[in-house]
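# Reading the structure
So the chains spell out like this:
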Amino acid sequence: MTRKRIIALAAIALALLVLPACFDTLSQPERENPADPDNPATSSGVPPRPSGLGAVVSDRNVVLTWSVTSTTNVDHYRVYRWVVEDEEDEDYELLDTSEVATYEDGAVTNGREYRYKISAVNELGLEGKLSREHIVIPRLFSVAIEAGRPKTGSRDVTLTLSAVGAAQLMQVSNSDDMSSVPWVSYQSTYSWELTQGDGEKFVYARFRDVEDNESHVVSDAIVLDTQAAIEDLTEDSGGETQFVGDVVHFSMDAGEPFGTASVDISTAVTDVALYDDGTGGDAVQDDGVYERDYTIPPGLEIIDATVVGHFTDEVGNEADDAFADGTITIHDPPAPSTMHGPVPLSQRRIALSWTRSTDADFEEYRLYRSYVPGVEMSDEREMIYEGQNAAQTDYTDTGLEPDSTYYYAVYVVDEIGLSEISNEVFGTTLPNSPPEPVEMYAPWAPDSTSLMLSWSQSEEEDFRRYELWGWEQDPPEPPDSDTKRVIARFDSAEETFYTHSSLIDTLVYWYEVAVVDSFGATAVSDSVSGSPRE
């Protein structure tokens, strides 16, 4: 082998050694795991955490039972077991799955300690949080209170007893001193009453077979809990008005975990669930403090609402309702309308329109006009329309000046007075143009001192008046229009007749009629003339 080939092979070997280390340094982008129960995007579908895990133990057998608050998101359960060895760290392994809230483990050894946890899984394979652990030791003889559950809300309980062989009799007692306890016929299930007072309770049992052989005393413990209470209930709005999208934090201290807690915000929102599983705003899992970061949804509007708390503990005890200090006010202003571009109709009119409000508690529209930009803040604005019909989304503004610009905005107002302003638009009226002249008809002389005058009727929209002008001619002199004067004025467009009297029959009288609009513009008819009869 040549020296060059040896060097080349050595370089390749070195590269192969370095390459994995380079890959180890490559960073991968962080992504939310859709199957992670702590991912907020999946919180609505996370299966509930099993609670009340208990067990009935007997000779080389353990029967587990548990419950969940709802089976809506539960497809099956996973059963985890830790076979405890001396001084061994926790080592839970998946034992099996179950489609129902019970599981029988027959692969156990008497006298050995086993610990179990249960989780729920939805149909997509998303696994919820593990239950708290339950410790059991299978024995030849055993007694279980309420199927091995950790708590009960009643002194009246059911015992499950297990005795290997031909057990005939048994003793059951609330004390470990069984010297005076009567023997009764053996029963695998037995009704029993615990001693008074909440707290941990013990039940003891001993068995005797047909040959009068007695077993050792076995026992089981359960916590008697007959009361629930809400020690404290708070919300953090601090009396400040809240809006859609704001987050209000609720906290309820019930003093015990594994219960069901909720709050009502007056009657507007009921059964807002609070959590004690370390999610949804809860700070510490299973500490008996139930919390929730509640995001205010659209459409919720309340004033000075009382917050009422409800709590039911693990065994069904219901606490008296509690009330948080202070009240909550939530505003949801209506969505603003959008104004369309104004349409000038004439020198005095502008057509306006806007989009319809779909707010559930719509009260009215308020349309404002201003002579300067900035309708919302303008000191010169004035309300020109107020309408309670949500479907009425147009209005014609009248009485305006020609060739003038006006600014508009419309408010949507809800039932409690909240309002939102639209975009601002502006429109300009049409420039003024002189009116159309009317036709002056030839005068008619009914006698020697008067002339009857008439003209066609004006159709101008902004008609203000007629002005009848006249002057005289002394024949054969030509008419002198510089001597025109106003003979009469008429404020109605329908007044188209006039009798000019006290005339002189030797003169020729000339006439014109002017149409005057509301802006002072005029249009003058052709001139006509006539003389009274002699």
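Residues numbered from 1 in each chain as written. Predicted model: local features only at pLDDT ≥ 70, side-chain atom pairs only at ≥ 80, totals over all residues. Heavy atoms only, no water.

### As for the overall build of the protein
In terms of helices and strands, the protein carries 1 helix and 41 strands. Relative to the 2.2 N^0.38 estimate, which gives 24 Å for 534 residues, the radius of gyration of the protein is 48 Å and therefore markedly larger than a compact globule would have. Counting only C-alpha atoms, the protein reaches 165 × 95 × 35 Å along its principal axes. Within the protein, buried positions represent 42% of all 534 residues. Sequence separation of 24 or more characterises 63% of the internal contacts of the protein that already satisfy a separation of 6 or more. (Helix = DSSP H or I, 4+ residues; strand = E, 2+ residues; numbered from the N terminus. Rg over C-alpha atoms; globule rule 2.2 N^0.38 Å. Buried < 20%, exposed > 50% of the residue type's maximum accessible area, 1.4 Å probe, protein only. Contact = heavy atoms within 4.5 Å.)

### Describing the sheet that holds strand β3 (residues 76-83)
Spatial ordering of the open sheet is given by β4-β3-β6-β7, a layout of 4 strands whose pairing is antiparallel. In this open sheet, the two edge strands, each paired with only one partner strand, are β4 (93-98) and β7 (134-136). Pairwise comparison of adjacent strand axes, ignoring direction, gives a mean angle of 30° for this sheet. Judged from the 8 bridges that link them, β3 and strand β6 (residues 114-121) form a sheet pairing that is antiparallel. Of the residues in β6, the one forming a bridge with Tyr 80 is Lys 117. (Pairing = 2+ DSSP bridges. Axes fitted to C-alpha atoms, helices over the stretch in contact; angles between N-to-C directions.)

### Things to note about the packing of aromatic side chains
In the structure shown here, the tally under the stated rule is 20 aromatic pairs. Judged by centre distance (5.3 Å) and plane angle (55°), the ring pair of Tyr 290 and Phe 311 falls under tilted. Within this pair, whereas Tyr 290 is found in strand β21 (residues 289-295), its partner Phe 311 is found in strand β23 (residues 307-312), the two being separated by 21 residues in sequence. Of the residues examined, Phe 311 reaches a relative accessible area of 2% and is grouped as buried. Judged by centre distance (6.3 Å) and plane angle (10°), the rings of Trp 471 and Trp 510 are stacked. Of this pair, Trp 471 sits in strand β36 (residues 463-473) while Trp 510 sits in strand β39 (residues 508-517), and the two are 39 residues apart along the sequence. Looking at Trp 471, the relative accessible area reads 4%, which means it is buried. Through a chain of ring-to-ring contacts, three or more aromatic side chains come together here, namely Trp 354, Phe 362, Tyr 365, Tyr 385 and Tyr 395. Over the ring of Tyr 368 we find Arg 381; its NZ or CZ atom is 4.1 Å from the centre of that ring. (Phe/Tyr/Trp six-rings, centres within 6.5 Å; stacked < 30°, edge-to-face > 60°. Lys NZ or Arg CZ within 6 Å of the ring centre and 35° of its normal.)

### What about the nonpolar core?
Residues Leu 233, Phe 250, Met 252, Val 263 and Phe 311 are the most contacted members of the largest nonpolar core, which totals 26 residues. Where this core is concerned, the elements lending two or more residues are β18 (247-253), β19 (260-265), β20 (269-274), β21, β22 (302-305), β23 and β25 (328-331). What Phe 250 contacts, discounting residues up to four positions off in sequence, is Thr 234, Glu 235, Val 263, Ile 265, Leu 274, Tyr 290, Glu 291, Arg 292, Tyr 294, Val 307 and Ile 328. Ranked by size, the runner-up nonpolar core spans 19 residues in total, among them Ala 445, Trp 455, Tyr 466 and Leu 468. (Core = buried A, V, L, I, M, F, W, Y, C linked by side-chain atoms within 4.5 Å.)

### A closer look at the sheet that holds β19
If you trace the 4 strands from one edge of the open sheet to the other, you get β20-β19-β23-β24, paired in antiparallel fashion. Strands at the two margins of the open sheet, each flanked by one partner only, are β20 and β24 (322-323). Pairing of β19 with β20 involves 4 bridges; the strand directions are antiparallel. By the bridge assignment for β20, Ser 262 is matched with Ala 273.

### A short note on the environment of Tyr 385
Checked against the element boundaries, Tyr 385 lands in strand β29 (residues 382-387). Considered as a pair, Tyr 385 and Val 410 are 25 residues apart in the sequence and their alpha carbons are 9.0 Å apart.

### Points about the pattern of salt bridges
Here the structure, examined in full by the defined rule, presents 23 salt bridges. Residue Glu 127 pairs with Arg 78 through a salt bridge whose shortest N-O separation is 2.8 Å. Of this pair, Glu 127 sits in the loop between β6 and β7 while Arg 78 sits in strand β3, and the two are 49 residues apart along the sequence. We classify Arg 78 as partly exposed; its relative accessible area is 22%. Residue Arg 369 pairs with Glu 382 through a salt bridge whose shortest N-O separation is 2.7 Å. With Arg 369 in strand β28 (residues 362-370) and Glu 382 in strand β29, the pair connects residues that are 13 residues apart, well separated along the chain. Salt bridges sharing partners connect three or more residues here, namely Glu 113, Arg 115 and Glu 133. (Salt bridge = Lys/Arg side-chain N within 4 Å of Asp/Glu carboxyl O.)

### Looking at the confidence of the model for the protein
Per-residue pLDDT for the protein averages 90, and the proportion of residues at 70 or more is 91%. Low confidence marks residues 1-10, where pLDDT is under 50. Its contacts with residues over four positions away, or in another chain, come to 2 contacts. Low pLDDT (under 50) marks residues 12-29, which in the prediction has 0 contacts with non-local residues, meaning those over four places away or in another chain. (pLDDT = per-residue confidence, 0-100.)

### Focus on unusual backbone geometry
Along the chain, Pro 475 connects to Pro 476 via a cis peptide bond; the corresponding omega equals 5°. Its identity as a non-glycine residue notwithstanding, Phe 258 has a phi of 70°, on the positive side. One can find Phe 258 in the loop between β18 and β19. Classification of Phe 258 by relative accessible area gives buried; the value is 16%. Here the phi dihedral of Asp 286 falls at roughly 60°; this positive angle occurs in a residue that is not glycine.

### Considering the pairing of β25
Residues Ile 328 and Ile 330 of β25 are buried on one face, and the alternating residues Thr 329 and His 331, pointing to the opposite face, are buried as well. Pairing between strand β17 (residues 242-243) and β25: 2 bridges, direction parallel. By the bridge assignment for β25, Gln 242 is matched with Ile 330. In this sheet, β25 lies alongside β22 in antiparallel orientation, the contact comprising 2 bridges. If you follow Ile 302 over to β25, its bridge partner there is Ile 330.

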